[in-house]
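# Secondary and tertiary structure notes
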Amino acid sequence: MLVGHQPKEFLLAVEALTVSFDGFKAVNDLSFYVDENEIRVIIGPNGAGKTTVLDLICGKTKATSGSIQFRGKELTRMRENEIVKTGVGRKFQNPSIYDDLTVFENLEISYPRGRSVFGALTFTRDAAVRDRVHEVAEMIFLKDRLNVNADLLSHGQKQWLEIGMLLIQDPDLLMLDEPVAGMSVSERAKTAELLNRIIKNRSVLVIEHDMKFVEDIAHKVTVLHQGQILSEGTMDKVKNDPKVVEVYLGH
Amino acid sequence: MTDNRFFNRSELIGILVLAVFLVLVLPLTLDVFRLNLVAKYLTYAFVALGLVVCWGYGGILSLGQGVFFGLGGYCMAMFLKLEASSVANTKIQSTPGIPDFMDWNQITALPLFWKPFSSLTFTIAAIILVPGIFALIIGTAMFKRRVGGTYFAIITQAVAAILTILIVGQQGYTGGINGMTDLRTLKGWDIRPDHAKIVLYFFEVGCLFVCIMIAQFVRHSKLGRILVAMREKEDRVRFSGYSVANFKIFAFCVAAVFAAIGGAMFALNVGFMSPSFVGIVPSIEMVIYTAVGGRLSILGAVYGTLLVNFAKTSLSETFPELWLFGLGGLFIAVVLAFPNGLAGIWGDYVQPRIDGLISSRKPKPEGWTDSSVADGAPAE
């Protein structure tokens with residue numbers, strides 16, 4: 001429907017996005033738009049292409065056709081580290097942290113300075129870095145564990161650490177792939193609280209299966225099925241959509 | 001606990017102990033012949049040091065470090081060979097003033113690429129730049145295309161094989177299978193007599209410590225932590241805004257330059273250079289030195305190299321045909337039982353006991369060296 005210039009107010013505009021793996025279209029002619037400061041949750045059955053969508057946005061997978069515009073910049077033609085620099089942050093499904101480094105060092109690596117080879121060689125751990133690391137560590141409940149090796153953290157703490165690593169980058173669009181999977185009930189509650197606090201001044205794109213958690217945080221929900229949008233709108237609208245009930249929520 | 005950008009306190013002690021061991025203990029206890037052997041072994045320690053940065057920290061296993069060792073060694077040997085081939089020295093040749101092997105191969109003029117090597121300044125620059133740029137080209141071609149792991153290791157082996165074949169095949173330009181022999185003087189200073197060997201040994205140890213300091217600096221920089229991070233979760237580093245390929249290229253180039261300095265030292269200390277230090281087998285041996293020393297330990301690389309080479313010399317003198325089996329067995333044993341090599345044994349078993357002793361008694365730093373070497377024995 002909308003070809004050419006999309007309205008400027010969208011932070012992220014995905015249009016006619018298609019990726020095919022050996023003929024199988026994991027994402028098929030997908031279009032959706034994310035506003036500034038919006039929390040969008042993507043739900044859908046296994047194999048619907050949810051994670052693939054995040055992979056396409058952050059550049060891990062190259063699109064077969066279609067466009068992804070972030071603040072008017074075309075992401076499909078950029079390399080992964082350039083996409084990060086434009087302000088897109090991605091959390092992976094399994095906690096993706098550096099086990100051999102301390103919590104402090106994990107956070108420090110994500111601090112957005114000294115990202116070139118020479119910059120990394122001459123990087124100094126100054127007060128600005130230390131303050132920011134401490135600030136983020138406090139937010140993600142790991143203030144007392146800064147000097148602990150990351151492999152000693154619990155599963156939930158590892159998830160928080162990775163969220164913290166993204167926070168320290170201060171992205172405009174934060175993408176989270178199942179942030180509460182495998183967490184205990186109390187950890188879930190804390191994570192919801194954490195997410196509600198960190199969404200200020202940024203947009204968040206979340207994949208999640210936990211419907212209670214989705215209801216808590218979502219502004220708008222997109223339901224994916226077989227690489228295409230099945231339904232989109234508020235949680236209430238989506239929940240009562242017969243197509244959604246049939247393929248996903250009914251089970 | 002980081003005291004500065006190069007080392008923390010316990011590392012400083014380790015470096016001082018190594019310095020005392022190499023500068024005082026070995027020269028005072030060994031005769032010149034044995035000391036020169038140590039000098040030869042230490043040339044491999046440069047390679048092992050580079051492998052700690054590239055393989056240990058960065059997770060990039062190169063099975064072709066002999067290539068860079070060879071490039072550095074040949075650059076140095078070309079300079080020394082030119083100096084040894086003065087017209088006065090070579091007047092019996094049909095073309096005086098060119099290296100003897102060229103004369104034997106009916107070459108009548110010095111090839112163009114040899115000419116700049118009559119300058120020592122050019123040679124020193126070439127020792128660093130030729131392998132550095134070569135590693136940059138290989139690294140860029142591989143890592144930008146996301147070639148890594150086993151595939152990268154196999155390609156480095158292929159490069160080592162190709163370079164060996166090239167050197168052997170072009171014997172008019174390279175000295176062929178015999179290499180460049182009969183190297184005599186450096187700017188008129190004879191490198192063959194005993195006192196020269198001693199001077200060269202100390203010069204080499206000095207260079208080794210410069211490289212150790214560079215490695216320590218890299219390790220303590222954020223770049224060092226990024227290398228470790230990359231080894232574990234490459235994608236996380238990439239999606240934190242880093243160009244993973246550039247960091248891999250950097251680590252590979254550092255390893256290449258270290259190896260090349262080692263090769264140049266080899267040509268100086270041993271007095272010749274041949275393709276037998278370039279190919280696949282020596283390249284793999286160099287990886288074993290690093291593995292035995294502990295691939296995460298900068299100082300372990302030096303001890304591992306010395307230990308394996310001492311064992312090699314003494315065992316191959318007694319049982320020449322068994323040595324290769326011994327080396328293979330050693331590698332398997334280390335990988336299976338002590339994945340962090342000597343440094344791992346030291347950190348897990350010896351250090352805690354010493355810490356216990358120190359807390360009850362005054363420390364005796366000199367004792368550390370002896371026990372570290374003695375404690376190395378079980379690693380075999």
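What comes next is a walk through the structure. If you're wondering where the values come from, they're calculated on a predicted model, not measured in any experiment. (Residues numbered from 1 in each chain as written. Chains lettered and ligands numbered in written order. Predicted model: local features only at pLDDT ≥ 70, side-chain atom pairs only at ≥ 80, totals over all residues.)

A few words now on the sheet that holds strand β7 (residues 173-177) of chain A. All names here are of chain A. Pairing within the open sheet is mixed, and its six strands lie in the order β6-β7-β8-β3-β9-β10. If you trace the sheet from one side to the other, it starts and ends with β6 (88-91) and β10 (228-233), each paired once. When the angles between neighbouring strand axes are averaged without regard to direction, this sheet yields 15°. As judged from the four bridges shared by strand β3 (residues 39-43) and strand β9 (residues 220-225), these two strands associate in the parallel manner. The partner of R40 across the bridge, within β9, is K220. Contacts from helix α6 (residues 155-169) reach β6 and β7 within the one sheet, and its direction differs from that of β6 by about 175°. (Pairing = 2+ DSSP bridges. Helix = DSSP H or I, 4+ residues; strand = E, 2+ residues; numbered from the N terminus. Axes fitted to C-alpha atoms, helices over the stretch in contact; angles between N-to-C directions. Contact = placed C-beta atoms within 7 Å.)

Strand pairs in the sheet, formed through backbone hydrogen bonds, run parallel or antiparallel to each other. Residue and element names in this part refer to chain A. One open sheet holds the four strands; their spatial order is β2-β1-β4-β5, and the pairing between them is antiparallel. Only two strands of the sheet have a single partner each, and these edge strands are β2 (24-35) and β5 (73-74). Relative to strand β4 (residues 65-70), strand β1 (residues 10-21) runs antiparallel, the two being bridged by five bridges. Bridging across to β4, E15 finds its partner in S67. Sitting on the sheet, helix α1 (residues 50-58) touches β1, β2 and β4, and the angle it makes with β2 is about 70°.

Time to look at the interface of chain A and chain B. Taken together, the contacts link 24 residues of chain A with 20 residues of chain B. Sorting the residues of the side of chain A that touches chain B by element identifies α2 (80-86), α3 (103-110), α4 (117-122) and α6 of chain A as the ones contributing at least two each. Ranked by residues supplied to the side of chain A that touches chain B, first place goes to α2 of chain A with four residues. Per-class residue counts for the side of chain A that touches chain B are 12 nonpolar, five polar and seven charged. (Nonpolar A, V, L, I, M, F, W, Y, C, P; charged D, E, K, R; others polar.)

All names here are of chain A. The phi torsion at A16 lies on the positive side, around 50°, for a residue other than glycine. Mapping A16 onto the fold places it in strand β1. One non-glycine residue with positive phi stands out, namely R71, at about 50°. Topologically, R71 is positioned in the loop between β4 and β5. Residue R71 is classed as partly exposed on the basis of its C-beta count, with 16 C-beta atoms lying within 10 Å. (Buried ≥ 20, exposed ≤ 12 C-beta atoms within 10 Å, placed from the backbone.)

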